[in-house]
Amino acid sequence: MTAKKSILGVMIAAALLLTGCTDSGPDTDPASTSDSVPYPDGPVTMTAGADPGSGFDLTIRSVVDALQKEKIVETALPVQNRPGGSGADYLATMVEDHRSADDELAVTSLSMMVNQVSGVSKYGYDDVTMIARLMTEYYVVVARPGSPLTDLRGVMTAIASNPSGVVVGAAHDDELPFSLLVSAAGGDPSAVRYVTQEGGREQTAALLGGEIDVAIGGVSEFVDQLASGDLDGIGVLAEDRIPGLDVPTARELGFDVTLANWRGLYGPPDMPVDAVDYWRTALGKMVETPTWKQIAERSKFTTTFMIGDEFETFLAETQKDVETGLQAVPR
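1. Quick notes on the overall build of the chain
- Scanning the chain from terminus to terminus reveals 11 helices and 10 strands.
- Taken over 331 residues, the chain has a buried fraction of 58%.
- Sequence separation of at least 24 residues holds for 79% of the intrachain contacts in the chain that already meet a minimum separation of 6.
- Split by element, the accessible area of the chain, about 12800 Å² in all, is 47% carbon and sulfur.

Given below as structure tokens:
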């Protein structure tokens, strides 16, 4: 348990101590970063490397919504979903097909690191242009109302006694936080029966259809279903209860596991400097707007805007934490 607690402490410290806005980049108007043709001079494709309803999808659509409602970016920002490997497939596309482009952005998260360290992807954050960190949100475990497994202690007990008898829906990278829970409960993470589902919409359908017993993902992926009562939240991996969300923490239930995810945007390798500066400036303005703050409140995430050297330091430290965390959990 020592190694697991250590990695969790470091990861949460990174998620919490770095919360808040930092320097939002050059003090220039996003519409005038180029001396010749104003950038952007055409549509910029915004990609979620996962299905509709996933954390990636919700994030990129929230970004586009805020940028355009607040008139920070008035050019077209078409959103596309390119699911596969919890973002790994589209990351490869970005690296291999869009080098030096200035009209492609995609959302990423802790999954980029988990995928690389676990061997799902040969690419990582060093292979692309990291634009900005936007937010932090906690993981939540959810279940179907009326299910025999409607409390986290019961789920962990059932997995310990009969791992194959409990079907867990999770994106590949979200297996790590659930495995840490199983380990904290004294079970064998390597025996958990996972079904790969890349987003909250797919997981919700599978839960309500009885195909899986529980699911884990970011709070924002299930917040509407929790509010409506369509799903039950049985444990959130936060230090304290999240305001407005009636879900106990894993710690309250006896499992000393806290873990947060981060999300941000990246561009192609060798993305032009003026384009990078433009987006860092635009996003820095965006996170201060009423539209973005309303989205954050509704989706229950914390804005943790970060760019430049501070962001690079965060990425390097978090990559090391993921390496340690995966080593600590039997696979």
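2. Digging into the environment of Val214
- With respect to the element layout, Val214 can be found in strand β7 (residues 214–218).
- Taking the C-alpha atoms as reference, Val214 lies 6.9 Å from Val141; in sequence the two are 73 residues apart.
- Not counting residues up to four positions away in its chain, the partners in contact with Val214 are Val141, Val142, Ala143, Leu149, Val155, Val167, Val168, Gly169, Phe178, Leu207 and Ile234.

3. Quick notes on the pairing of strand β6 (residues 193–196)
- In terms of strand pairing, strand β5 (residues 167–170) meets β6 through four bridges, oriented parallel. Its bridge partner lying in β6, Val167 is registered against Arg193.
- With helix α6 (residues 175–184) bridging β5 and its parallel neighbour β6, the resulting β-α-β unit is right-handed.

4. Some points on helix α7 (residues 200–208)
- Turning to α7, its buried residues are Gly200, Gln203, Thr204, Ala206 and Leu207. Down the axis of α7, the buried set is contained in an arc of 165°. They therefore lie on one face.
- Lining the buried residues of α7 we find β4 (129–143), β5, β7 and α8 (219–228).

5. Quick look at the pattern of salt bridges
- For the coordinates displayed, the defined rule picks out 11 salt bridges.
- In this structure, Arg263 and Glu221 form a salt bridge, with 3.8 Å as the shortest nitrogen-oxygen distance. Residue Arg263 is found in strand β9 (residues 260–267), and its partner Glu221 is found in helix α8; the two are separated by 42 residues along the sequence.
- A residue is classified by how much of its surface remains accessible, and Arg263, at 3% relative accessible area, is buried.
- The class of Glu221 is buried, set by a relative accessible area of 9%.
- When the shortest N-O distance is used, the salt bridge between Lys300 and Glu297 registers 3.6 Å.
- Connected through salt bridges with shared partners, the residues Glu137, Glu221 and Arg263 form a single ionic network.

6. Thoughts on the packing of aromatic side chains
- Within the structure shown, the criterion is met by six aromatic pairs.
- Measuring from ring centre to ring centre gives 5.1 Å for Tyr39 and Tyr278, while their planes differ by 85°; the resulting arrangement is edge-to-face. Placement of Tyr39 in the loop between α1 (2–17) and β1 (45–48) and of Tyr278 in helix α9 (residues 273–286) is noted, with a sequence separation of 239 residues between them.
- When its relative accessible area of 5% is taken as the criterion, Tyr39 is described as buried.
- We classify Tyr278 as buried; its relative accessible area is 3%.
- Ring geometry for Phe178 and Tyr194: centres 6.1 Å apart, planes at 80°, overall edge-to-face.

7. A few points about the side chain of Gln197
- For Gln197, the position within the fold is in the loop between β6 and α7.
- Accessibility expressed as a relative area gives 5% for Gln197, which makes it buried.
- Gln197 has contacts with Gly169, Ala170, Ala171, Glu202, Gln203, Ala206 and Ile212, leaving out every residue within four places of it along the chain.

Calculation rules
Residues numbered from 1 in each chain as written. Predicted model: local features only at pLDDT ≥ 70, side-chain atom pairs only at ≥ 80, totals over all residues. Heavy atoms only, no water. Helix = DSSP H or I, 4+ residues; strand = E, 2+ residues; numbered from the N terminus. Buried < 20%, exposed > 50% of the residue type's maximum accessible area, 1.4 Å probe, protein only. Contact = heavy atoms within 4.5 Å. Areas by Shrake-Rupley, 256 points an atom, 1.4 Å probe, with all protein chains shown as cover. Pairing = 2+ DSSP bridges. Right-handed = clockwise from strand over helix to strand, strands pointing away. Arc of directions from axis to C-beta. Salt bridge = Lys/Arg side-chain N within 4 Å of Asp/Glu carboxyl O. Phe/Tyr/Trp six-rings, centres within 6.5 Å; stacked < 30°, edge-to-face > 60°.

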